[in-house]
Amino acid sequence: MLKKVALALCLVTVIFAAQGEAKELTNRLGVGVKSHSALDLAQLAAVYYIAPDVSIAGGLGIDTQEDYSKFAFNAGIRRIVFKEDNMNFYMGGTLGILNNEVDGDKESGFELNALFGGEFFFTGLDSLAFTFEGGVGVISGDNVRFRTIGDGPFSAGIIFYF
């Protein structure tokens, strides 16, 4: 009896497993916006899929407010580790440079992040992705600090693929 139940569960799992393919994004460029959570700075973002499972991504954010300026530039690589019909889960890393000014005191440094995240696509709206990311990072400026990263779908990014 136990063998029959196990066989039935295996068959149900195979039958109802995701039958569609994930979004084909190879050689597609995506542009949009995302948030740089360490500096609380909006960034223009770009993503380009160089292979079916591998993309390069980057962001640029600038705020020239007097005595409170901010600058962030980062670039990284991502690899899709799990595909769903309307969602790609990925892991990757980014490296960036930062500049933050508070009361005229400037602090510059770098940022290194190890990330996991996902891109969610609505059915019928295949070119628009809502992204989220999480992970850990290290920021070096006047001081070195370690941090956890956790961005929700609307704070992490919205990307339009051409």
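Look above for the structure.
This one's a predicted model, so the numbers in the text were calculated from it and none came from an experiment.

1. A few points about the overall build of the chain
Here's step 1: A count of helices and strands for the chain gives 2 helices and 9 strands.
Here's step 2: Counting from the amino terminus, helix and strand elements in the chain follow one another as α-β-β-β-β-β-β-β-β-α-β.
Here's step 3: Counting contacts in the chain only where the partners sit at least 6 residues apart, residues at least 24 apart contribute 49% of the total.
Here's step 4: Per element, the accessible surface of the chain, about 9,700 Å² overall, is 66% carbon and sulfur.

2. Things to note about the pairing of strand β3 (residues 54-63)
Here's step 1: In the sheet, strand β2 (residues 41-51) pairs with β3 via 7 bridges, with the strands oriented antiparallel. Counterpart to L44 in the pairing with β3 is L60.
Here's step 2: Taking the residues that link successive antiparallel strands as the turn, the β2-β3 hairpin has 2 residues.
Here's step 3: Taken together, the 10 bridges between β3 and strand β4 (residues 70-83) define a ladder with antiparallel strand orientation. From the neighbouring strand, G61 faces β4, where its bridge partner is A72.

3. Thoughts on the nonpolar core
Here's step 1: Listed in full, the 10 residues of the largest apolar core are L25, A45, V47, Y49, A57, I80, F121, A129, I159 and Y161.
Here's step 2: Elements supplying a minimum of two residues to this core: β2 and β9 (157-161).
Here's step 3: Here this core takes 3 residues from β2, the largest share from any one element.
Here's step 4: The contacts of L25, once residues within four sequence positions are left out, are Y49, N88, E119, F121 and Y161.

4. Remarks on the pairing of strand β5 (residues 87-102)
Here's step 1: Sheet topology note: the β4/β5 ladder contains 13 bridges and is antiparallel. Paired with G76 across the bridge in β5 is T94.
Here's step 2: Counted between consecutive antiparallel strands, the loop separating β4 from β5 contains 3 residues.
Here's step 3: Bridge count for β5 against strand β6 (residues 105-122) is 16 bridges, and the pairing is antiparallel. Each bridged residue has a counterpart across the sheet, and for F89 the counterpart in β6 is G118.
Here's step 4: Between β5 and β6, which pair antiparallel one after the other, the connecting turn spans 2 residues, and D103 there sits at a positive phi close to 55°.

5. Remarks on unusual backbone geometry
Here's step 1: At D67, a position not held by glycine, the phi torsion is positive, near 65°.
Here's step 2: Tracing the backbone through its elements, the reader meets D67 in the loop between β3 and β4.
Here's step 3: Although it is not a glycine, D103 sits at a positive phi angle of roughly 55°.
Here's step 4: For D103, the location among the structural elements is in the loop between β5 and β6.
Here's step 5: Accessibility expressed as a relative area gives 57% for D103, which makes it exposed.

6. Re a negative patch on the surface
Here's step 1: Taken together, the side chains of E66, D67, D103, D105, E107 and D142 present a region of like negative charge at the surface.
Here's step 2: The partly exposed category is assigned to D67, whose relative accessible area is 35%.

7. Brief notes about the packing of aromatic side chains
By convention here, two paired aromatic rings are described through the distance between centres and the angle between planes.
Here's step 1: Evaluation of the coordinates by the stated rule reveals 7 aromatic pairs.
Here's step 2: Between F82 and F89 the ring centres are 6.0 Å apart and the planes differ by 45°, which places this aromatic pair in the tilted class.
Here's step 3: Overall, the relative accessible area of 45% leaves F82 in the partly exposed class.
Here's step 4: Among the aromatic residues, those joined into a ring-pair cluster are Y49, F121 and Y161.

What counts, and where the lines are drawn
Each chain has its residues counted from 1, following the order in which its sequence is written. Given that the model is predicted, a residue must reach a pLDDT of at least 70 before its local features are reported, and side-chain atom pairs must reach 80 or more before they are shown or counted; all residues, however, enter totals for whole chains, interfaces and linings. Excluded from the side-chain calculation are hydrogens and water; included are all heavy atoms of the structure. Every helix listed is a DSSP run of H or I at least four residues long, and every strand listed is a run of E at least two residues long, numbered separately from the N terminus. Here, two residues are considered to be in contact whenever any of their heavy atoms come within 4.5 Å of each other. The Shrake-Rupley method, run with a 1.4 Å probe, gives the accessible areas here. Residue values count only the displayed protein chains as cover. If DSSP finds at least two bridges between two strands, the strands pair. The criterion is simple. A nonpolar core is a set of buried Ala, Val, Leu, Ile, Met, Phe, Trp, Tyr and Cys residues joined through side-chain atoms within 4.5 Å. Throughout this description, buried means an accessible area under 20% of the type-specific maximum (1.4 Å probe, protein chains only), exposed means over 50%, and partly exposed covers the range between. Patch membership requires more than 30% relative accessible area and the absence of a salt bridge. Residues of like charge join within 9 Å; the nonpolar side chains Val, Leu, Ile, Met, Phe, Trp and Tyr join within 5 Å. For salt bridges, the criterion is a side-chain nitrogen of Lys or Arg within 4 Å of an Asp or Glu carboxyl oxygen. In this tally, Asp and Glu contribute negative charge and Lys and Arg positive charge; neither His nor the terminal groups of the chain are included. The atom standing in for a charge is NZ when the residue is Lys, CZ when it is Arg, CG when it is Asp and CD when it is Glu. Aromatic rings from Phe, Tyr and Trp, with only the six-membered ring used for Trp, were paired whenever their centres fell within 6.5 Å, and each pair was classed as stacked if the ring planes differed by under 30 degrees, edge-to-face if by over 60, and tilted otherwise.

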